[in-house]
Amino acid sequence: MRTLLVVTTALMLAACSGTANTSNASLNTCLTQKAYATLQDGSLMTTDVKTLAKNISTACLKQLALEKSGMSEESLTAATNVLTALKAANSQ
(Lines give C-alpha, C1' and ligand atoms only; values in the text may rest on other atoms or scores of the structure.)
Protein backbone atom coordinates (compact mmCIF):
# COMPACT_ATOMS: atom_id res chain seq x y z
CA MET A 1 0.00 0.00 0.00
CA ARG A 2 2.77 2.45 0.92
CA THR A 3 4.69 1.62 -2.24
CA LEU A 4 1.61 2.44 -4.30
CA LEU A 5 1.22 5.67 -2.35
CA VAL A 6 4.82 6.70 -2.97
CA VAL A 7 4.60 5.87 -6.67
CA THR A 8 1.33 7.79 -7.01
CA THR A 9 2.83 10.75 -5.19
CA ALA A 10 5.91 10.74 -7.40
CA LEU A 11 3.74 10.64 -10.52
CA MET A 12 1.67 13.56 -9.26
CA LEU A 13 4.80 15.60 -8.69
CA ALA A 14 6.15 14.68 -12.11
CA ALA A 15 2.92 15.87 -13.69
CA CYS A 16 3.20 19.18 -11.83
CA SER A 17 6.76 19.83 -12.88
CA GLY A 18 6.10 20.71 -16.53
CA THR A 19 9.59 20.34 -17.94
CA ALA A 20 11.66 17.46 -16.65
CA ASN A 21 15.08 18.93 -15.93
CA THR A 22 17.55 18.11 -13.22
CA SER A 23 16.44 20.91 -10.91
CA ASN A 24 12.81 19.85 -11.09
CA ALA A 25 13.66 16.19 -10.59
CA SER A 26 15.79 16.98 -7.55
CA LEU A 27 13.13 19.31 -6.18
CA ASN A 28 10.39 16.73 -6.67
CA THR A 29 12.46 14.09 -4.92
CA CYS A 30 13.12 16.41 -2.00
CA LEU A 31 9.45 17.42 -1.71
CA THR A 32 8.31 13.80 -1.83
CA GLN A 33 10.80 12.69 0.83
CA LYS A 34 9.96 15.53 3.18
CA ALA A 35 6.21 15.09 2.68
CA TYR A 36 6.48 11.38 3.39
CA ALA A 37 8.49 12.22 6.54
CA THR A 38 5.57 14.34 7.79
CA LEU A 39 3.33 11.31 7.39
CA GLN A 40 5.75 9.13 9.32
CA ASP A 41 6.27 11.60 12.18
CA GLY A 42 2.54 12.33 12.48
CA SER A 43 2.73 16.05 11.77
CA LEU A 44 0.71 15.63 8.58
CA MET A 45 -2.36 14.79 10.64
CA THR A 46 -1.83 17.50 13.26
CA THR A 47 -0.57 20.49 11.25
CA ASP A 48 -2.27 22.52 8.53
CA VAL A 49 -1.31 21.30 5.02
CA LYS A 50 -0.55 24.81 3.77
CA THR A 51 1.83 25.43 6.68
CA LEU A 52 3.62 22.14 6.11
CA ALA A 53 3.78 22.77 2.35
CA LYS A 54 5.34 26.20 2.89
CA ASN A 55 7.92 24.77 5.30
CA ILE A 56 8.77 21.84 3.01
CA SER A 57 8.93 24.02 -0.08
CA THR A 58 11.24 26.54 1.58
CA ALA A 59 13.49 23.83 3.01
CA CYS A 60 13.87 22.04 -0.33
CA LEU A 61 14.53 25.23 -2.26
CA LYS A 62 17.24 26.18 0.25
CA GLN A 63 18.69 22.67 0.34
CA LEU A 64 19.00 22.61 -3.43
CA ALA A 65 20.13 26.26 -3.67
CA LEU A 66 17.12 27.13 -5.84
CA GLU A 67 15.78 30.06 -3.80
CA LYS A 68 16.38 32.55 -6.61
CA SER A 69 15.27 30.28 -9.44
CA GLY A 70 11.68 31.51 -9.46
CA MET A 71 10.39 28.05 -8.54
CA SER A 72 8.88 28.97 -5.17
CA GLU A 73 5.26 28.99 -6.33
CA GLU A 74 5.69 25.76 -8.30
CA SER A 75 7.38 24.17 -5.31
CA LEU A 76 4.64 25.30 -2.93
CA THR A 77 1.92 23.95 -5.24
CA ALA A 78 3.69 20.61 -5.66
CA ALA A 79 4.24 20.28 -1.90
CA THR A 80 0.57 21.09 -1.24
CA ASN A 81 -0.55 18.52 -3.80
CA VAL A 82 1.60 15.73 -2.41
CA LEU A 83 0.67 16.47 1.21
CA THR A 84 -3.03 16.54 0.33
CA ALA A 85 -2.72 13.21 -1.49
CA LEU A 86 -0.82 11.61 1.39
CA LYS A 87 -3.32 12.90 3.93
CA ALA A 88 -6.29 11.65 1.90
CA ALA A 89 -4.70 8.23 1.37
CA ASN A 90 -3.85 7.90 5.04
CA SER A 91 -7.35 8.91 6.14
CA GLN A 92 -9.02 6.06 4.28
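Residues numbered from 1 in each chain as written. Predicted model: local features only at pLDDT ≥ 70, side-chain atom pairs only at ≥ 80, totals over all residues. Heavy atoms only, no water.

**Here's the deal with the side chain of Ser-75**
1) Next: For Ser-75, the position within the fold is in helix H5 (residues 72-91).
2) Next: Accessibility expressed as a relative area gives 0% for Ser-75, which makes it buried.
3) Next: Non-local contacts of Ser-75, meaning those with residues more than four positions away in its chain, are made with Leu-27, Leu-31, Ser-57 and Leu-61. (Helix = DSSP H or I, 4+ residues; strand = E, 2+ residues; numbered from the N terminus. Buried < 20%, exposed > 50% of the residue type's maximum accessible area, 1.4 Å probe, protein only. Contact = heavy atoms within 4.5 Å.)

**A few points about the nonpolar core**
1) Next: If you look at the biggest cluster of nonpolar residues, it comprises 20 residues, and the most contacted ones within it are Leu-27, Leu-31, Ile-56, Leu-83 and Leu-86.
2) Next: The set of elements that each furnish at least two residues to this core consists of helix H2 (22-41), helix H4 (49-63) and H5.
3) Next: Those residues in contact with Leu-83 that lie beyond four places of it in its chain are Ala-35, Thr-38, Leu-44, Val-49, Leu-52, Ala-53 and Ile-56. (Core = buried A, V, L, I, M, F, W, Y, C linked by side-chain atoms within 4.5 Å.)

**A look at the environment of Lys-54**
1) Next: Residue placement: Lys-54 occurs in helix H4.
2) Next: In the structure, Lys-54 is positioned 23 residues away from Thr-77 in sequence and 9.1 Å away in space, judged by C-alpha atoms.

**Focus: the state of the cysteines**
What we call a disulfide is simply a covalent bond connecting the sulfur atoms of a pair of cysteines.
1) Next: One pass over the structure, following the stated rule, counts one disulfide.
2) Next: Linked covalently through their sulfurs, Cys-30 and Cys-60 form a disulfide whose S-S length is 2.1 Å. Between Cys-30 and Cys-60, the S-S dihedral sits near -90°, and the bridge is therefore left-handed. Taken as a pair, Cys-30 in helix H2 and Cys-60 in helix H4 lie far apart in primary sequence, 30 residues in all.
3) Next: Given a relative accessible area of 4%, Cys-30 falls into the buried group. (Disulfide = S-S within 2.5 Å.)

**Brief notes about the environment of Thr-46**
1) Next: When you line up the elements, Thr-46 lands in helix H3 (residues 43-46).
2) Next: Since its relative accessible area comes to 68%, Thr-46 is described here as exposed.
3) Next: At 3.5 Å, the side chain of Thr-46 forms a polar contact with the backbone oxygen of Gly-42. (Polar contact = N/O pair within 3.5 Å; in protein donor to acceptor, adjacent residues only side chain to side chain.)

**Digging into the environment of Thr-38**
1) Next: Along the chain, the position of Thr-38 falls in helix H2.
2) Next: Not counting residues up to four positions away in its chain, the partners in contact with Thr-38 are Ser-43, Leu-44, Leu-52, Ile-56 and Leu-83.

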